[in-house]
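Here are the chains, one letter per residue:
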Amino acid sequence: MIPTMGTLLLYFIVFYPILFVSQKKYLNDDKYKALSKWFLLSYSLGILILLILLFICINGYIKFNIVLAMIIAGGCLVIPIIYGIIMLLSKGNKIISIVSLSIVSLIVISIIFGVGNAVYLKSTEVTNSYVIEEKFDNINIAVDTDDINIYLSDENKIVYVENKYILLEKKVKSNTLFINRIDNRKFYNRLFNFSSFKIDLYLSNDNIETLTINNSTGDIEIHEKITIKNATINNSTGKISINSNVLDTLYLENSTGNISIKNCNQMGNISIDTSTGDVNLSSVNCKQLDINISTGNTNLIKTIVEKDFNISGSTGNVFLDDFDSKNIYIDLSTGDVTGTILTGKLFNATSDTGNVIVPESYSNGVCKITVSTGNINIKYTTHYWPQ
């Protein structure tokens, strides 16, 4: 890396004077005197920055890579060009020039060091493994930008990614496993972030009392063969996938990203709250199902709800395939409601703008569908027929 920095330094020492001398014929022209002055200043600043970086590299404080060197080179090349353009556009007005140059300098320097620092932090990422010796029945995970996977295994273990400043804290206290991120970055380390973290949690205990996950950005997946009594998962951006039974209460909240639950035949009450993304349930048996969705489609395939199914949405379709619930309540602003249900219902279906097709009513439960804009087309499945 040092030879690369040295080459860049030599490049700018040679390149800038040549470019400046090429403007020599304008030095006596009042129109270009200011431009020449600022060109010299930017050249000096560019060389000073490279000298400082070269000193840092030689002393081993930071290990820059080629990407960072190119960013620095581009910044040093762009600054004088922008300076010149600003001087010409401002027509020599010193106040406008000073303010404009200050803003440009701050932006360019922030981008150079922000991206450079992010590249450096990315290069310090390592994967570690930690065996959990203490016993626990509850899990509490609070992180920011992690992909989280939970598996059934022969031992309790965490395999995780961390870097020099963002570490993983793990401890067992009061029968609860706590997993948290410790962020030791300074404010200037936070301008850009290219790091992507991952937590793989392996559990030997297939019966968990409570699971709580709070995450900002990342995918979350609970794999099969784990039984959980209560689970609460809050995520901002990323997919949530549930492949294990949650016996009492499952609460899922997601801002942006798809939510899927599949192959779970012993679920309790399920509550889903999402802003943007699809909700997919397949081969699920549960006691109660409540869905609040702003934008996205809802697909319920081979899903049986013992009590009530409630869904409210703004924009998106609802598709039912071999679905059933004691009572069905669907309220949509814009979207189609189509599909098949297993048992007879007393239908109350209305659409302000769209066609409504429902089968003959039976008194086995209520199916109320309200749509502002969209079609309604519900049938009884061909595999079953109400008695």
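Everything numeric here is computed off the predicted structure, so don't read it as measured data. (Residues numbered from 1 in each chain as written. Predicted model: local features only at pLDDT ≥ 70, side-chain atom pairs only at ≥ 80, totals over all residues. Heavy atoms only, no water.)

Draft legend 1. Layout of the overall build of the protein chain. A count of helical and extended segments in the protein chain gives four helices and 23 strands. Within the span of the protein chain, comprising 387 residues, buried residues form 42% of the whole. The contacts of the protein chain with a sequence gap of at least 6 include a subset with a gap of at least 24, amounting to 40%. With the model as given, the accessible surface of the protein chain reaches about 19500 Å², and the carbon-plus-sulfur share is 56%. (Helix = DSSP H or I, 4+ residues; strand = E, 2+ residues; numbered from the N terminus. Buried < 20%, exposed > 50% of the residue type's maximum accessible area, 1.4 Å probe, protein only. Contact = heavy atoms within 4.5 Å. Areas by Shrake-Rupley, 256 points an atom, 1.4 Å probe, with all protein chains shown as cover.)

Draft legend 2. Summary view of the pattern of salt bridges. Considering all chains together, one arrives at four salt bridges under this definition. For aspartate 200, the salt bridge goes to lysine 198, with nearest N and O atoms at 3.8 Å. Look at aspartate 200 and you get buried, because its relative accessible area is 9%. For lysine 198, a relative accessible area of 36% puts it in the partly exposed group. (Salt bridge = Lys/Arg side-chain N within 4 Å of Asp/Glu carboxyl O.)

Draft legend 3. Summary view of the confidence of the model for the protein chain. Averaged over all residues, the pLDDT of the protein chain equals 81, while 66% of them reach at least 70. Segment residues 1-16: pLDDT under 50, and 36 contacts once partners within four positions in sequence are set aside and those in other chains are kept. Here residues 60-67 scores under 50 on pLDDT; set against residues more than four positions off or in separate chains, the count is 14 contacts. (pLDDT = per-residue confidence, 0-100.)

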